[in-house]
Amino acid sequence: MKVSKRQIFWRVGAWLLAMVILAGFMAGVSLLSRVPAQVTLGAVGETSAHGMCTMDVATGRVLFAHNADQTMGMASTTKVVTALTVLENYADLDTKVTIPDAAVGIEGSSIYLQKGEQLTVRELLYGLMLRSGNDAAVALALTVAGSIADFATLMNQTASKYGATKSHFTNPHGLDDPAHYTTARDLAKISAAALKNPTFVEICSAVEKRIDGVDYPRVLQNKNKLLKSLDGCIGVKTGYTKKTGRSFVGAREVDGQKIVCVVLNCGPMFPETAQLLRDADRLYHNKVILEKEEIFTATDGTMGIALADFAYPLTDAELAELDITLVGNTVTIKFEGKVIYTGYAVNIGDGSPGANAREIAA
């Protein structure tokens, strides 16, 4: 059948239009793939992670949890413990370290250290936390403790110090080892302790850092995508091996309140962590319960003058559930039957302070 020029024109036009639409669709898909997804979970605090713990940094209160005490591998989120161990056991971070042969060519993530080049301990920490350099981890371990085994001993001491009772560390990088494990709760406790260290926060919250080796400078881009997509994000560390899956420690600071979230073996680790942190910030706010030198009223009506500030993350409904007792000059605050604060106060009984009560408080 003979095809007219008009028919050819319309067929070519339709084909071109289809190609334009397809190109637009693929461009849209490409754009979406570069934007961190925001998942809508079925319920507040829900996660697909095998283990999860979301914690208030200042008080250690657990806000959300799922299989938080199940031991499992954690891959390179190990480096939170590595960094904190270095910071607590090495005084001068600007000391130059000569890279030994034992720290070169370590499998997995790397900042490609060269034997004999010199970097400071601080620069190695940036390589550890931003690019997850396994070679940087080994270099730091050898610098601080002289051997991997001795550094692992220090790591376990660090974990124990902060109440991580179900963890055991055998290396500074997190490569798979049956004897190398943690729990979401333990890692949250250690991360909360680390987030109270200003140097740790400065390092893990950096989006980019240039470090200068002997042969060439390195410009390190942080693997933590939430630093660019989640307001208030201050870290912390990604992790992945085929055996352990994807793990992440994320943290956010809003209005002075820091919250840390650990997800272990979680495919959509970035979007789920972001939502958990948003949910925590939306529901739990630091409620000021005691203000220094201000009068407060105990549950039984006894009044006192606080000698220190105390705030605690609570929902609006939970604030009314606090039990405040004042016996003598000791004030105790309980929540859900557990003591969350004990301190001193000036007992003024019925609310009529003596002439020097506030002077005593001051």
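Residues numbered from 1 in each chain as written. Predicted model: local features only at pLDDT ≥ 70, side-chain atom pairs only at ≥ 80, totals over all residues. Heavy atoms only, no water.

Novice: Tell me about the nonpolar core, residues and numbers included.
Specialist: Most often, soluble globular proteins have nonpolar side chains that are buried together. Leu124, Leu125, Leu128, Met129, Leu195, Phe200 and Val236 are the most contacted members of the largest nonpolar core, which has 62 residues in total. Sequence-distant contacts of valine 236, that is, excluding residues within four places in its chain, are made with Val80, Met129, Leu195, Phe200, Cys204, Asn224, Phe248, Val249, Gly250 and Ala251. Counting residues in each nonpolar core, the second largest holds 20 residues, with Met52, Val263, Ala280 and Tyr284 among its members. (Core = buried A, V, L, I, M, F, W, Y, C linked by side-chain atoms within 4.5 Å. Buried < 20%, exposed > 50% of the residue type's maximum accessible area, 1.4 Å probe, protein only. Contact = heavy atoms within 4.5 Å.)

Novice: Go over the sheet that holds strand E12 (residues 303-306), please, and point to the residues and values.
Specialist: Pairing within the open sheet is antiparallel, and its five strands lie in the order E11-E12-E16-E15-E14. The open sheet terminates on both sides in strands that have one partner only, identified here as strand E11 (295-297) and strand E14 (323-327). Strand-to-strand, the axes of this sheet are offset by a mean angle of 45 degrees, without reference to chain direction. The pairing of E12 with strand E16 (residues 338-349) spans four bridges and is classified as antiparallel. Note on E16: the bridge partner recorded for isoleucine 305 is valine 346. (Pairing = 2+ DSSP bridges. Helix = DSSP H or I, 4+ residues; strand = E, 2+ residues; numbered from the N terminus. Axes fitted to C-alpha atoms, helices over the stretch in contact; angles between N-to-C directions.)

Novice: Which residues make up the environment of glutamine 114, and what values do they have?
Specialist: On the secondary structure map, glutamine 114 appears in the loop between strand E3 (96-98) and strand E4 (118-120). The class of glutamine 114 is partly exposed, set by a relative accessible area of 33%.

Novice: Explain the sheet that holds strand E2 (residues 62-66) residue by residue, including any values.
Specialist: Pairing in this open sheet of five strands is antiparallel, and the strands run E2-E1-E9-E8-E7 from one edge to the other. Whereas interior strands pair on both sides, the edge strands pair on one side only; in this sheet they are E2 and strand E7 (233-241). The mean inter-strand angle of the sheet, taken between neighbouring strand axes irrespective of direction, is 5 degrees. As judged from the four bridges shared by strand E1 (residues 51-56) and E2, these two strands associate in the antiparallel manner. Bridge assignment links methionine 55 to a residue of E2, and that residue is valine 62. Contacts from helix H9 (residues 269-283) reach E1, E2, E7, strand E8 (245-254) and strand E9 (257-264), with the element oriented near 30 degrees to E8.

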